[in-house]
Amino acid sequence: QSGDWISIFKQAKRFPWITNVTLYGCLFAGGDLVHQCLTHRDGLDWRRTRNVAVVAFSFHGNFNYLWMRALERRFPGRSARMVLQKLLLDQTVASPVATSVFYTGVSLLDGKDDVLQDWREKFLNTYKTGLMYWPFVQLLNFLLVPLYLRTTFTGCCAFLWATFLCFSRHSGDGTAAAAWAWLTAPGAGQQKEQPSG
């Protein structure tokens, strides 16, 4: 197992863009599969997972890869000042953009009549929930992870986040409280999802 990780790290260093974007996209799409499994659906909706994957591969993975490099060029190093500046920009610029693209992009691919509906109803709650998670993740990322692995690290953490996003889009309101109530309720996962179309 450790040999597999060493191989991935070597590939990430040799081919940073393709390795990081591929791993990020796969992990993000995996979050949708986990959400579907937790809902005990009768069979998986592969079209839904495909749409999440398209958004993750075409936008989120590439955006994160380029964003991490832009931040490092503008605020190089791991001093407290540089890390805090990167963290502040990440949460005030990248996080709202990424959340907005998820809600609108997947709605567009799903063929919803109003592609902004989920964004209007859930963006603010989702953004506030993200502030309880992403600043701590990115602090570790900027302090401990080498630049060529930062998108992969973000993707690993986005696996859990994508599961939450998919729950919020189909069954929740973007709050951590709704997700927690859903997970801990009797018969969790068997509750009906909101229609996605």
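Everything discussed here concerns the structure shown above.
Below is a summary of the structure that appears in this document. This one's a predicted model, so the numbers in the text were calculated from it and none came from an experiment.

This next bit is on the overall build of the chain. Of regular secondary structure, the chain possesses 8 helices and 0 strands. For the chain, the α and β elements follow one another from N to C terminus as α-α-α-α-α-α-α-α. Intrachain contacts of the chain at a sequence separation of at least 6 include 70% that bridge at least 24 residues. Of the roughly 10,300 Å² that the chain leaves accessible, carbon and sulfur atoms contribute 67%.

Glancing now at empty space enclosed by the protein. According to the stated counting rule, one finds 1 cavity of 30 Å³ or more in the structure shown. Counted as a void, the largest cavity has a volume near 230 Å³. Lining the largest cavity are 16 residues; nearest its centre among them are Y24, A94, S95, A98 and W134. Looking at the lining of the largest cavity, the elements that each hand over two or more residues are helix 2 (16-38), helix 3 (46-74), helix 4 (80-110), helix 6 (134-144) and helix 7 (150-170). Residue contributions to the lining of the largest cavity peak at 6 residues, all from helix 4. When its residues are assigned to classes, the lining of the largest cavity shows 8 nonpolar, 7 polar and 1 charged.

The tally for this structure, following the rule as stated, stands at 9 salt bridges. Two residues, R47 and D110, come together in a salt bridge whose shortest N-O distance is 4.0 Å. Of the two residues, R47 is situated in helix 3 and D110 in helix 4; the sequence distance between them amounts to 63 residues. Judged by its relative accessible area of 12%, D110 falls in the buried class. With a closest N to O distance of 2.7 Å, E72 and K86 form a salt bridge. Remark: K86 occurs in helix 4 and E72 occurs in helix 3; sequence separation between them is 14 residues. Each member of the pair, E72 as well as K86, is classed as buried. Several salt bridges share partner residues, and in doing so they unite R47, D110, K112, D118, K122 and R169 into one network.

Aromatic rings considered in pairs are described by the distance between their centres and by the relative angle of their planes. Tallied over the entire structure, the rule returns 12 aromatic pairs. Ring centres of W161 and F164 lie 5.0 Å apart, and the angle between their planes is 35°; this geometry places the pair in the tilted category. Here the residue W161 and the residue F164 both occupy positions in helix 7, the gap between them amounting to 3 residues, near one helical turn. Taken together, Y24, F28, F102 and Y103 form an aromatic cluster joined through their ring pairs.

Before going further, it helps to spend a moment on the layout of surface pockets. Roughly 360 Å³ of volume is contained in the largest pocket. Elements with a contribution of two residues or more to the lining of the largest pocket: helix 2, helix 7 and helix 8 (176-184). Tallied by class, residues from the lining of the largest pocket come to 13 nonpolar, 3 polar and no charged.

Together, L139, L140, L143 and L144 line one region of the surface with nonpolar side chains, adding up to about 340 Å² of accessible area. Within the element layout of this structure, L143 appears in helix 6.

On to the environment of D45. Examined against the element boundaries, D45 turns out to sit in the loop between helix 2 and helix 3. Exposure remark for D45: the relative accessible area of 28% places this residue in the partly exposed category. When the C-alpha positions of D45 and L33 are compared, they lie 8.6 Å apart, and in sequence the two are 12 residues distant. Polar contacts involving the side chain of D45 include one to the main-chain amide nitrogen of R47, which spans 3.2 Å.

So, on to helix 4. Every α-helix carries 3.6 residues per turn, so stepping three or four residues along brings you back to the same face. Between its terminal C-alpha atoms helix 4 stretches 43 Å, which fits the 45 Å expected from 31 residues at 1.5 Å a residue. The largest bend in helix 4 comes to about 40°, at D90. Following helix 4 by one or two positions, G111 has its phi on the positive side, about 80°.

The rules behind each value
Residues numbered from 1 in each chain as written. Predicted model: local features only at pLDDT ≥ 70, side-chain atom pairs only at ≥ 80, totals over all residues. Heavy atoms only, no water. Helix = DSSP H or I, 4+ residues; strand = E, 2+ residues; numbered from the N terminus. Contact = heavy atoms within 4.5 Å. Areas by Shrake-Rupley, 256 points an atom, 1.4 Å probe, with all protein chains shown as cover. 1 Å grid on protein atoms, 1.4 Å probe; cavity = no way out; pocket = protein on both sides within 12 Å on 5 of 7 lines; lining within 4 Å. Points joined across faces, edges and corners; volume = space filled by probe spheres on them. Nonpolar A, V, L, I, M, F, W, Y, C, P; charged D, E, K, R; others polar. Salt bridge = Lys/Arg side-chain N within 4 Å of Asp/Glu carboxyl O. Buried < 20%, exposed > 50% of the residue type's maximum accessible area, 1.4 Å probe, protein only. Phe/Tyr/Trp six-rings, centres within 6.5 Å; stacked < 30°, edge-to-face > 60°. Patch = residues over 30% accessible without salt bridge, like charges linked within 9 Å, V, L, I, M, F, W, Y side chains within 5 Å. Polar contact = N/O pair within 3.5 Å; in protein donor to acceptor, adjacent residues only side chain to side chain. Expected span 1.5 Å × (residues − 1). Bend = angle between axes of the 7 residues up to and from the residue.

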